[in-house]
Amino acid sequence: MTTAPPPDSQLRGFLALLPAGLRPYALLARFDRPIGWWLLYWPCAWGIALAGGARDHWPLFLWMLAGAIAMRGAGCVYNDIVDRNLDAKVARTASRPVASGAVSVRGAALWMLALSLVGLVVLVQLPLRAQVVAVASLLLVAAYPFMKRITWWPQAWLGLTFNWGALLGFAAATGGLFALGWLYVLSVKASGDSYWMAEGLNRMGNLALSAGLLYAGGIFWTLGYDTIYALQDIEDDVMAGVKSSARALGGKGKEGVAVFYVLAVALAGAAGYVAGLGPVFYVGLALYALHFVWQVRRLQPDDPKLSLRLFKSNRDAGLILLAAIAFNGLAF
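About the thresholds
Residues numbered from 1 in each chain as written. Predicted model: local features only at pLDDT ≥ 70, side-chain atom pairs only at ≥ 80, totals over all residues. Heavy atoms only, no water. Helix = DSSP H or I, 4+ residues; strand = E, 2+ residues; numbered from the N terminus. Buried < 20%, exposed > 50% of the residue type's maximum accessible area, 1.4 Å probe, protein only. Contact = heavy atoms within 4.5 Å. Areas by Shrake-Rupley, 256 points an atom, 1.4 Å probe, with all protein chains shown as cover. Salt bridge = Lys/Arg side-chain N within 4 Å of Asp/Glu carboxyl O. Expected span 1.5 Å × (residues − 1). Phe/Tyr/Trp six-rings, centres within 6.5 Å; stacked < 30°, edge-to-face > 60°. Axes fitted to C-alpha atoms, helices over the stretch in contact; angles between N-to-C directions. Parallel < 35°, antiparallel > 145°, perpendicular 65-115°, else oblique. Nonpolar A, V, L, I, M, F, W, Y, C, P; charged D, E, K, R; others polar. Patch = residues over 30% accessible without salt bridge, like charges linked within 9 Å, V, L, I, M, F, W, Y side chains within 5 Å.

Chemist: I tried to follow the overall build of the protein chain on my own but got confused; where do I start?
Modeler: For the protein chain, the count of helices and strands is 19 helices and zero strands. The 332 residues of the protein chain split such that 50% are buried. Restricting the contact set of the protein chain to residue pairs at least 6 apart, pairs at least 24 apart contribute 76%. Taken as a whole, the protein chain presents about 14,900 Å² of accessible surface, with 69% of it coming from carbon and sulfur.

This is how it looks when you write it as structure tokens:
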């Protein structure tokens, strides 16, 4: 029998200083748990850095952070509205504001709309093609709360959703995944130089491929850390009928996390290779890998408090990979 996981909603830090009427709404958006917005933000920052935007497009890092905070909050509210009955059956989530009745469904929906409006402000700061990429992610977001009911791998869907920012950040820093490449090809075509047109097409393809590989690596990163997170809830999930990668892996949770992290490092490395990143990137990638080795070695599936600490340590993993890419980002 495992020890009980810590409750999901806790009044701590600045939340305890808020007026009593606002506290449930702050908890609903998980303002007490910044790890969620860091995990959503890092892929956005990776994409910007991969596109060479660390120097020329630095305001995007700030806009993306604001968007990650707001949209992670809106996503949590939406998730809690959909999952309110399931949350009430799980010890860790029973105290969530909607599940506990502290916030009505109507009040939660209005709060979700307010947070989404902040996200809209961020959206209009981005180039048009990046706006299209951002809007496309809403389909993933809308479907996510239902995945735990229909698949044993909702963590994979979360990976698709949370790492969309890698494509978004890349698109925002380049004006679109293909925009600059096509402009280059058209300018060369006008000059009649077929060799350099071919080189431009090759460059454009490499840029798009590197962003896709980075996105894929992020998906497996999320599969790893969210499987660790799901280990906290296995007993309650069995009783509530909730599916998860932790349950699907059975007694092989530690081995499964190790495989996910190996794939995350391999795909991130492939992204750097295709993008032509230099030796410093691979030093950072090695540190990224060592962080995962540390997590897997420490992981004890029957210790929910340790699982939560290891899950939160992925804030540092994301920062390590960002630093590795930023030192070698593509230059335009």
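So much for the structure itself; the text now carries on.
Chemist: Looking at this structure, I do not really get the environment of I219. What am I missing?
Modeler: Within the element layout of this structure, I219 appears in helix 13 (residues 194–230). For the pair I219 and G159, spaced 60 residues apart in sequence, the C-alpha to C-alpha distance is 4.1 Å. Not counting residues up to four positions away in its chain, the partners in contact with I219 are A156, G159, L160 and N163.

Chemist: So what exactly am I meant to see when it comes to the pattern of salt bridges here?
Modeler: Note that side chains of opposite charge can pair when their charged atoms are close. Throughout the structure, instances matching the rule amount to seven salt bridges. For R96, the salt bridge identified is with D80, shortest N-O distance 3.4 Å. In this pair, R96 is assigned in the loop between helix 5 (84–87) and helix 6 (97–100) and D80 in helix 4 (residues 59–82), connecting sequence segments 16 residues apart. Each member of the pair, R96 as well as D80, carries the same accessibility label: buried. The salt bridge involving D83 is made with R149; its shortest N-O contact spans 3.0 Å. Of this pair, D83 sits in the loop between helix 4 and helix 5 while R149 sits in helix 9 (residues 138–150); the two residues are 66 residues apart in sequence, bridging distant segments of the chain. The partly exposed category is assigned to R149, whose relative accessible area is 33%. Through salt bridges that share partners, R30, D80, D87 and R96 make up one connected network.

Chemist: Quick question: what am I supposed to make of helix 16 (residues 253–275) here?
Modeler: An α-helical turn contains 3.6 residues, so a residue and the one three or four places further along point in the same direction. The end-to-end C-alpha distance of helix 16 is 33 Å, a good match for the 33 Å that 23 residues give at a rise of 1.5 Å each. Of the residues making up helix 16, those classed as buried are G253, G256, V257, F260, Y261, A264, V265, A268, G269, A271, G272 and A275. Just past helix 16, the residue G276 takes up positive phi, approximately 80 degrees.

Chemist: So what exactly am I meant to see when it comes to helix 7 (residues 105–123) here?
Modeler: With 19 residues, helix 7 extends 26 Å from end C-alpha to end C-alpha; this agrees with the ideal 27 Å at 1.5 Å per step. Among the residues making up helix 7, those that are buried are G107, A108, L115, G119, V122 and L123. Tucked inside the fold, the buried residues of helix 7 contact helix 1 (23–28), helix 4, helix 6 and helix 8 (128–136).

Chemist: I would appreciate a short explanation of the environment of G241 in the present structure.
Modeler: Looking at where G241 falls in the secondary structure, it is placed in the loop between helix 14 (234–240) and helix 15 (245–249). Residue G241 is classed as partly exposed on the basis of its relative accessible area of 48%. For the pair G241 and L86, spaced 155 residues apart in sequence, the C-alpha to C-alpha distance is 8.8 Å.

Chemist: Which parts of the structure should I look at to understand the packing of aromatic side chains?
Modeler: The description of an aromatic ring pair uses the distance of the two centres, along with the angle that the planes make with each other. For the coordinates displayed, the defined rule picks out 14 aromatic pairs. Between the aromatic rings of F31 and W111, the centroid separation amounts to 6.2 Å while the plane-to-plane angle is 85 degrees, which identifies the pairing as edge-to-face. With F31 in the loop between helix 1 and helix 2 (35–50) and W111 in helix 7, the pair connects residues that are 80 residues apart, well separated along the chain. Accessibility expressed as a relative area gives 22% for F31, which makes it partly exposed. For W111, a relative accessible area of 21% puts it in the partly exposed group. Judged by centre distance (6.2 Å) and plane angle (90 degrees), the rings of W153 and F260 are edge-to-face. One end of the pair, W153, is in the loop between helix 9 and helix 10 (154–162); the other, F260, is in helix 16, and 107 residues separate them in sequence.

Chemist: Looking at this structure, I do not really get the packing of helix 17 (residues 279–298) against helix 18 (residues 304–312). What am I missing?
Modeler: The relative placement of two packed helices comes down to the angle between their axes together with the axis-to-axis distance. Relative to each other, helix 17 and helix 18 sit at 175 degrees, their axes nearing to 10 Å. As judged from the angle between their axes, helix 17 and helix 18 are roughly antiparallel. Contacts from W294, Q295 and R298 of helix 17 reach helix 18 at L306, R309 and L310. When its residues are assigned to classes, the contact of helix 17 with helix 18 shows three nonpolar, one polar and two charged.

Chemist: Looking at this structure, how should I read a nonpolar patch on the surface?
Modeler: Together, L110, L113, L117, L120 and V124 give the surface a local cluster of nonpolar side chains, amounting to about 460 Å² of exposed area. Tracing the backbone shows L117 in helix 7.

Fair warning: the whole summary comes from geometry, so function is off the table for now.
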